Amino acid sequence: MEAAPKEKEKNLNFIEEIIEEDVKTGKNNSRVLTRFPPEPNGYLHIGHAKSICLNFGVAQRFGGQTNLRFDDTNPVTEDTEYVESIKEDIKWLGFNWAEELYASDYFDTLYNYAELLISKGLAYVEESSSEEIAKMKGTPTQAGVDSPFRNRSAEENLNLFRKMRNSEFDEGAMVLRAKIDMASPNMLMRDPLIYRIKKAHHHRTGDKWCIYPMYDFAHGQSDSIENITHSVCTLEFVPHREVYDWFIDKLEIFPSKQYEFARLNLTYTVMSKRKLLQLVNDNYVSGWDDPRMPTISGMRRRGYTAKAIRDFCDRIGVAKRENLIDVGLLEFFVRDHLNKIADRMMVVTDPLKVTITNFPEGKTEICSVENNPENPEGGHREMPFTHEIYIESEDFMEEPPKKFFRLAPGQMVRLKGAFIIQCDDFVKDEAGNIVELKCSYIENSKSGQDESGLKVKGVLHWVSIADAVPVELRIYDRLFKAENPASEEGEFMEYINENSLNIISAFAEPALKAATLDGKYQFIRKGYYVLDKDSNGNQLIFNQTVGLKDNWAKASN
RNA sequence: UGGCUUAUGGUGUAAUGGUAACACAGCGGUUUUUGGUGCCGUUAUUCAAGGUUCGAGUCCUUGUAAGCCAACCA
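A brief structural summary. (Residues numbered from 1 in each chain as written. Chains lettered and ligands numbered in written order. Predicted model: local features only at pLDDT ≥ 70, side-chain atom pairs only at ≥ 80, totals over all residues. Heavy atoms only, no water.)

Section: the pairing of strand S4 (residues 123-126)
Here's step 1: Residues of S4 alternate between two faces, with Ala123 and Val125 on one and Tyr124 and Glu126 on the opposite face, all of them buried.
Here's step 2: Sheet analysis places S4 next to strand S5 (residues 175-178), joined by 4 bridges and oriented antiparallel. Each residue of the ladder has a partner; that of Ala123, found in S5, is Ala178. (Buried < 20%, exposed > 50% of the residue type's maximum accessible area, 1.4 Å probe, protein only. Helix = DSSP H or I, 4+ residues; strand = E, 2+ residues; numbered from the N terminus. Pairing = 2+ DSSP bridges.)

Right, here's the structure in full:
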């Protein structure tokens, strides 16, 4: 009999509180329907992951569903490549949408809404240039002035708008504006533009339209058409809420409600699609899925798991305060998950040859090594132990400091999963570099059948030279040198870290030849790694997901 | 000379008028065939000034600071 898992009384965030209240009071018949509304003009990043976890999460929590709706009202920047990547990323994160929809599905309805507004005397065709429109808008501290085209008759407006649709005017010649209030303290209420002419091919509607609705005339209405109950977006849309509500009110359509939360900011990176696109276009990174990118696809290629990202999003919470979250917190959740699931492997990055003087040349002793101490069912693998092995150069010191639990003349260590060895001698080249160690192994100290009675403090990773597999390791550092490059003075590009990618060669144990693209590995005493898709038959390439914590290195600084 | 939003440890997030808590980071210890993991402990917080109240992080007033708003972007 299993004890009923006690529902942890988790605190609700402010959006969940609103929804809980709405469900309790029977608003919308207690129905909850949210939506995730990306514009298909770039790849999803960790900031979107926060929004996805929120939108899908609250719906799940309150028995509702979530639509995926592509906000594709600007054909110039949008593309199906992005649609596909966005769908893949959401699925990978572990969420399923109720319906896949597009704002462009509603172009006919939206057009009719516009005509309705015109006939109500609430919209007009503007012929001023964009510069003139901007000038007439005033400033935040100064009211705008009415356009000379503001008081045309509904008939004239309707006629002109239909001609706009029929491609009788050039781009920029005319726009449709809502007739609200040029003196509103909210700049967005000063007769916002709602339709513009763009003679561009749309990724879904092709060449059917030459006029496209603006965000403010598409988003709220799309929510309403889908009967979205809670439309959750980021803080920069707060001033848009008044416009959102105004259109729904004047159109007399289903009253979806907008709620805003603070977007995620992470240290040492940037989080806008525009900036990320610039990194891609200027070749600072290899693409949207470069492992240094904060994109979902980049993090996936880097080896981050969906669970780690979800746990992170859970932990950072949802509020209305501007925030800058330490990327170290994300890395904590990555390590936390990987520690439980990654197979341990041995890889030597800076080899130092060790000759086991009392182990016969040509002989191979097979060692059975545990794959994951955190997982009893993880099994074992075989590692060959031979006369000559590699260890890390930094694991030997001729004159060790106190508490150096590694190799030094006369000192003993355990080779992980194999034998205890003792350093008897070392060889230097003409330049004084240590090039080889002469060690003896303790025959009855083999892992799992140790009868030596010896206690050694240090445990080293190692690899048999004859069996070692040369591999390439790609080790990543933060993309930017400034904590918050976007808020720093000058261009964010000035703060880019030129040394964010470090490629090194290394020697791996033979089991790594069987590495797969979705396998997760911990290179013992080094970090977590995944096979990169750039690997081929001749060359295995691994990305470092994140390094292991290293208290020894920290203490010696 | 505008409007809107927000202010809680180093970073985030809770506390819904009644003992300021949780996570990460930091620091110390312990376990360990990874100087990893685990476990234990610990440092540190209510923007300011008034007011209401038996009692204020929470309510009121006045400040201060930060963010957003003047794209035919979303």
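Here the narrative resumes.
Looking at the pattern of salt bridges
Here's step 1: For the structure on display, the rule yields 40 salt bridges.
Here's step 2: Here Lys533 and Asp289 are joined by a salt bridge, their closest N and O atoms 2.7 Å apart. Of this pair, Lys533 sits in the loop between strand S24 (527-531) and strand S25 (540-547) while Asp289 is found in the loop between helix H9 (273-281) and helix H10 (296-302), placing the two residues 244 residues apart along the sequence.
Here's step 3: Put simply, Asp289, Arg301, Glu472, Arg474, Asp532, Lys533 and Asp534 are held in one network by salt bridges that share partners. (Salt bridge = Lys/Arg side-chain N within 4 Å of Asp/Glu carboxyl O.)

What to know about the packing of aromatic side chains
A ring pair, where both rings are aromatic, is described by two values, the distance of the centres and the angle of the planes.
Here's step 1: Applying the stated criterion across every chain yields a total of 28 aromatic pairs.
Here's step 2: Consider the rings of Phe385 and Tyr441, whose centres lie 6.1 Å apart with planes at 50°: the pair is tilted. Of this pair, Phe385 sits in strand S14 (residues 380-385) while Tyr441 sits in strand S18 (residues 434-441), and the two are 56 residues apart along the sequence.
Here's step 3: Taking the relative accessible area as the measure of exposure, Phe385 reaches 0% and is therefore buried.
Here's step 4: The class for Tyr441 is buried, based on a relative accessible area of 7%.
Here's step 5: Here the aromatic rings of Tyr521 and Phe542 are separated by 6.4 Å at their centres, their planes lie at 90°, and the arrangement is edge-to-face. Of this pair, Tyr521 sits in strand S23 (residues 521-523) while Phe542 sits in strand S25, placing them 21 residues apart in sequence.
Here's step 6: According to the relative accessible area criterion, Phe542 is buried, its value standing at 0%. (Phe/Tyr/Trp six-rings, centres within 6.5 Å; stacked < 30°, edge-to-face > 60°.)

Regarding unusual backbone geometry
Here's step 1: Of note, the phi angle at Asn29 is positive, near 55°, even though the residue is not glycine.
Here's step 2: Mapping Asn29 onto the fold places it in the loop between helix H1 (14-25) and strand S1 (33-36).
Here's step 3: Even without being glycine, Glu252 reaches a positive phi, approximately 55°.
Here's step 4: With respect to the helices and strands, the residue Glu252 is situated in the loop between helix H8 (240-251) and strand S9 (257-261).

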